[in-house]
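# Tertiary structure, described
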Amino acid sequence: MAQLRSARMKLVVDLAQRAEDESANTLQVVRAKLQQEQTKLAELENYYGEYENRFSVEMNTCSVAQLVQTRSFLQRLAIALEGQKQQIIAVERTLEACRNEWHKRHLKHNSLKDLVARYRIEEARDRDVLEQKMLDEWVSSRPSQNS
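Residues numbered from 1 in each chain as written. Predicted model: local features only at pLDDT ≥ 70, side-chain atom pairs only at ≥ 80, totals over all residues. Heavy atoms only, no water.

Below, the discussion takes up the pattern of salt bridges. Enumeration over the complete set of coordinates arrives at 6 salt bridges. Its salt-bridge partner being lysine 10, residue aspartate 14 comes within 3.0 Å of it at the nearest N-O pair. Here lysine 10 and aspartate 14 lie together in helix α1 (residues 2-58), a separation of 4 residues that amounts to about one turn. Glutamate 101 is the salt-bridge partner of arginine 105, the closest N and O atoms lying 2.8 Å from each other. Of this pair, arginine 105 and glutamate 101 both sit in helix α2 (residues 64-141), 4 residues apart, which is roughly one turn of the helix. (Salt bridge = Lys/Arg side-chain N within 4 Å of Asp/Glu carboxyl O. Helix = DSSP H or I, 4+ residues; strand = E, 2+ residues; numbered from the N terminus.)

Here's what the structure looks like:
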């Protein structure tokens, strides 16, 4: 009976460990996604800055059509930058949710491990008490050697 209960407890702890590991993996994937999105933003910002600098240098020598086209392109780049910033905010929210989920599962896993450890200590104490009781009964049931 105790072995069955011990096997069940181990299974529950293993399931909690697996859930924690899955959350940790998801957290790692989302962190990588955030890094990727931040890199995209940096690249867009660099491209925008370079294009804007080139435009300000060539502004005096370009035609009105080129000027309108360049400003339009810079506007589209600014919109893309804002979209990328919004994407980063969304991924940061997802990351926070993943972090909270991992933390919850981590605490649950640790709680279950602690509970199993307490049960094992109790079982060992109960076995010791039972052994002592059996030993006491055996000793008291033996005929006295002094007689």
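Attention now goes to the packing of aromatic side chains. Using the criterion set out here, one finds 3 aromatic pairs in the structure. Arranged with centres 6.0 Å apart and planes meeting at 40°, the rings of tyrosine 47 and tyrosine 51 form a pair that is tilted. Here tyrosine 47 and its partner tyrosine 51 are both found in helix α1, 4 residues apart, which amounts to about one turn of the helix. Owing to a relative accessible area of 36%, tyrosine 47 belongs among the partly exposed residues under this scheme. (Phe/Tyr/Trp six-rings, centres within 6.5 Å; stacked < 30°, edge-to-face > 60°. Buried < 20%, exposed > 50% of the residue type's maximum accessible area, 1.4 Å probe, protein only.)

Here the focus is the environment of asparagine 110. Examined against the element boundaries, asparagine 110 turns out to sit in helix α2. Taking the C-alpha atoms as reference, asparagine 110 lies 8.8 Å from glutamine 17; in sequence the two are 93 residues apart.

Let's shift gears to a nonpolar patch on the surface. Taken together, Leu135, Trp138 and Val139 make up a surface patch of nonpolar side chains, about 310 Å² in accessible area. For tryptophan 138, the location among the structural elements is in helix α2. (Patch = residues over 30% accessible without salt bridge, like charges linked within 9 Å, V, L, I, M, F, W, Y side chains within 5 Å. Areas by Shrake-Rupley, 256 points an atom, 1.4 Å probe, with all protein chains shown as cover.)

The next subject is the side chain of histidine 109. Its location among the elements puts histidine 109 in helix α2. Those residues within four positions of histidine 109 in sequence are excluded, and the remaining contacts are Val13, Ala16, Gln17 and Glu20. (Contact = heavy atoms within 4.5 Å.)

Function cannot be read off these values alone, since they describe shape.
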